[in-house]
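Read off the chains here:
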Amino acid sequence: MSCNTGFVYSNDFTTYRFKDDHPFNQMRVVLAKELLEATGILEEKHKITPRLATEEELALAHSKPYIQAVKKAGQGLLSEEEGLEYGIGTEDTPMFKGMHEASQLLVGSTLSAIDAVLEGRVEHALNLGGGLHHGFERKASGFCIYNDGAVGIKYIREKYNYKVLYVDTDAHHGDGVQWAFYDDPNVCTFSIHETGRYLFPGTGNVNERGLKEGYGYSFNLPIDAFTEDESFIDIYESAFREIADYFKPDVIVTQNGADAHFLDPLTHLCSTMNIYEHIPKVAHELAHQYCNGKWIALGGGGYDIWRVVPRAWAQIWSVMTEGEPLTGNLPEKWLEKWQEESPVSLPSTWNDPADAYKPIPRKAEITEKNNKLLEKALQLIHNQKKFNS
């Protein structure tokens, strides 16, 4: 299936940069874009130039005092004490010059993707600069200043009045988006992530189900550390299909963190590139089944910017445009250009080798725990269907 798709991009995405040794590095977006160009499936005709979000749009999900604090921080006018009140100036989210404008662009890029899809110019849109899912109404968190996903979904609700299914496959729980819509029955959130027992932000338990009218529209699968491909794919696909059938969305928004890979330095999952082929295929299918193709995909986490993120994110675009993931060898042109700058040896193929990491001795136990988690989640969905019918 070949689809009309938009790729939102600006070289200024790289201005969102905390400091040189910070793990969040938007060069990964450049690497992914150039990998797609070298592969030949991303052309100028696909590209959408993003706009800046207005302060009124930022205020859909953030308090005005917080927005003003971010502006002051970017101008060097926010004190350390004031900054800490808003989660700014921490080790995770240090202040940097122009941080408001850099963050404003990432939110605007998500809004540009949304309008391109919902105004009918494209069926799907990919914004790898977005996916900053930890930002809160009045606080920065987990490398995220403004929460483009939360602003974007509020924007969809206000401008288009569509029911939104938000699916988050980052290894870290999509807490900021979940809490923004915890009492909203027109926004269903689904996050599959590493259990918060040992990983930031520590939330995302199965019993986080929503509040008031929003009860029954929040779903979490906190999978066990060292989960491998087969278990991840099985519970992701099973839950996603059930949730889509239950909620019947008008539009799907996905957050595509690429930090569940075994090479990621910040997490403890053991997936390979196999899951990054499968994740967008299911989203693509269900977007066409329930939403006439309306699908907005965002970036997210991912901290091995050389070996993992470009390949993982390129697969989203390949599935969006061609319906199938890329296979075989990576383009020599891209490898030759970037190997000189990479501190690690770049992979030469789209897939990972079968023996890429040491066998996990607890595989059977981990799979069983994840299966029980899935059973509990599916039972909750079935109970909610009966309650609503």
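One numbering rule holds for all chains: residues counted from 1, following each sequence as written. Local features in this predicted model are restricted to residues of pLDDT 70 or higher, and side-chain atom pairs are both shown and tallied only at a pLDDT of 80 or more, whereas totals for entire chains, interfaces and linings draw on every residue. Side-chain metrics in this entry use all non-hydrogen atoms of the structure; hydrogen atoms and water are not considered.

Caption draft 1: Region of interest: the overall build of the protein chain. In DSSP terms, a helix is any run of H or I states spanning at least four residues, a strand is any run of E spanning at least two, and both are numbered starting from the N terminus. In terms of helices and strands, the protein chain carries 12 helices and eight strands. Radius of gyration means the value over C-alpha atoms here, while the globule rule gives 2.2 Å times the residue count to the 0.38 power. By the compact-globule yardstick of 21 Å for 389 residues, the protein chain fits well, its C-alpha radius of gyration being 20 Å. With respect to the three principal axes, the spread of C-alpha positions in the protein chain is 55 × 55 × 40 Å. Throughout, exposure labels follow a simple rule: accessible area from a 1.4 Å probe, protein chains only, divided by the maximum for the residue type, with under 20% read as buried, over 50% as exposed, and the rest as partly exposed. Expressed as a percentage of the 389 residues in the protein chain, the buried residues total 61%. Working rule for contacts: check all heavy atoms of both residues, and any pair within 4.5 Å makes them a contact. The contacts of the protein chain with a sequence gap of at least 6 include a subset with a gap of at least 24, amounting to 77%. Each accessible area is a Shrake-Rupley estimate made with a 1.4 Å probe; only the visible protein chains count as cover when residues are assessed. Summed over its atoms, the accessible surface of the protein chain is roughly 15400 Å², and 49% of this surface lies on carbon and sulfur atoms. Only four residue types enter the tally: Lys and Arg on the positive side, Asp and Glu on the negative side, with His and both chain ends excluded. To locate a charge, take NZ of a lysine, CZ of an arginine, CG of an aspartate or CD of a glutamate. Looking at charge distribution, the protein chain has the averaged site of its 37 positive side-chain charges lying 4 Å from that of its 56 negative ones.

Caption draft 2: Representation of the packing of aromatic side chains within the structure. The aromatic pairing rule takes the rings of Phe, Tyr and Trp, using the six-membered ring of Trp, and pairs them if the centres are within 6.5 Å, calling planes under 30 degrees apart stacked, those over 60 edge-to-face and the rest tilted. As enumerated under the stated definition, the model contains 23 aromatic pairs in all. Note on Phe-7 and Trp-317: the rings are 5.4 Å apart at their centroids and 85° apart in plane angle, and the pair reads as edge-to-face. Here Trp-317 lies in helix H10 (residues 309-322) and Phe-7 lies in strand S1 (residues 5-8), a separation of 310 residues in the sequence. The pair Phe-7 / Trp-317 is uniform in exposure class, with both members buried. With 5.7 Å between their ring centres and 80° between their planes, Phe-143 and Tyr-303 make a pair best called edge-to-face. Residue Phe-143 is located in the loop between strand S3 (124-127) and helix H6 (148-159), and its partner Tyr-303 is located in the loop between strand S8 (295-298) and H10; the two are separated by 160 residues in the primary sequence. Across this residue pair, the class does not change: Phe-143 and Tyr-303 are buried.

Caption draft 3: Geometry of the sheet that holds strand S4 (residues 164-168). Strand order in the open sheet made by the eight strands is S2-S1-S3-S8-S7-S4-S5-S6, with parallel pairing throughout. Of all strands in the sheet, those with a lone pairing partner are strand S2 (47-48) and strand S6 (218-223), marking the two edges. For S4 and strand S5 (residues 187-194), the ladder comprises five bridges, and the chain directions are parallel. Of the residues in S5, the one forming a bridge with Tyr-166 is Thr-189. Interaxial angles span 0 to 180 degrees and are taken between N-to-C directions of axes, which are lines fitted to C-alpha atoms, for helices over the stretch in contact. Relative to the sheet, helix H5 (residues 99-118) contacts S1, S2, S3, strand S7 (251-255) and S8, its axis offset from that of S3 by approximately 170°. Pairs of strands are assigned from DSSP output, requiring at least two bridges between the strands.

Caption draft 4: Just the environment of Asn-351, in detail. Assignment of secondary structure puts Asn-351 in the loop between helix H11 (332-339) and helix H12 (363-388). Overall, the relative accessible area of 26% leaves Asn-351 in the partly exposed class. A sequence separation of 75 residues divides Asn-351 from Tyr-276, and the C-alpha atoms of the two residues are 9.8 Å apart. Contact partners of Asn-351, with chain neighbours within four places excluded, come to Met-273, Asn-274, Glu-277 and Arg-311.

Caption draft 5: Quick peek at the nonpolar core. One finds Tyr-16, Ile-88, Ile-145, Leu-165, Phe-190, Tyr-236 and Phe-240 to be the most contacted residues of the largest nonpolar core, which totals 122 residues. Residue contributions to this core peak at 11 residues, all from H5. Setting aside anything within four residues of it in sequence, one finds Phe-190 in contact with Tyr-166, Val-167, Asp-168, Phe-219, Leu-221, Tyr-236, Ala-239, Phe-240 and Ile-243. Within this scheme, the nonpolar core is defined by two criteria: the residues are buried Ala, Val, Leu, Ile, Met, Phe, Trp, Tyr or Cys, and they are joined through side-chain atoms within 4.5 Å.

Caption draft 6: Molecular detail of unusual backbone geometry. Residue Pro-201 follows Phe-200 across a cis peptide bond; omega there is 0°. Inspection of the secondary structure puts Pro-201 in the loop between S5 and S6. Phi at Phe-143 takes a positive value of approximately 75°, unusual for a residue other than glycine. Since its relative accessible area comes to 9%, Phe-143 is described here as buried. Its identity as a non-glycine residue notwithstanding, Asn-292 has a phi of 55°, on the positive side. Its location among the elements puts Asn-292 in the loop between helix H9 (273-291) and S8.

Caption draft 7: Inspection of the pairing of S5 at higher detail. Among the eight residues that make up S5, eight are buried, leaving the element largely enclosed by the rest of the structure. With the strands pointing away from the viewer, any crossover whose connection runs clockwise from the first strand over the helix to the second is right-handed. Following the chain from S4 across helix H7 (residues 175-180) to the adjacent parallel S5, one finds a crossover that is right-handed. When S5 meets S6, the two strands line up parallel, connected through six bridges. Each bridged residue has a counterpart across the sheet, and for Thr-189 the counterpart in S6 is Ser-218.

Caption draft 8: Expanded view of the packing of helix H8 (residues 229-247) against H9. Running from N to C, H8 and H9 point in directions that differ by 10°, and their axes come no closer than 10 Å. In terms of orientation, H8 and H9 fall into the roughly parallel class. Two secondary-structure elements touch here, H8 through Asp-229, Phe-232, Ile-233, Tyr-236, Glu-237, Phe-240, Arg-241, Ala-244 and Asp-245 and H9 through Asn-274, Ile-275, His-278, Ile-279, Val-282, Ala-283, Glu-285, Leu-286 and Tyr-290. When its residues are assigned to classes, the contact of H8 with H9 shows 11 nonpolar, two polar and five charged. An angle counts as roughly parallel when it lies under 35 degrees, as roughly antiparallel when it exceeds 145, as roughly perpendicular when it falls between 65 and 115, and as oblique in every other case. Classification used: nonpolar for Ala, Val, Leu, Ile, Met, Phe, Trp, Tyr, Cys and Pro, charged for Asp, Glu, Lys and Arg, polar for all others including Gly.

Any functional reading would require information that these geometric values do not contain.
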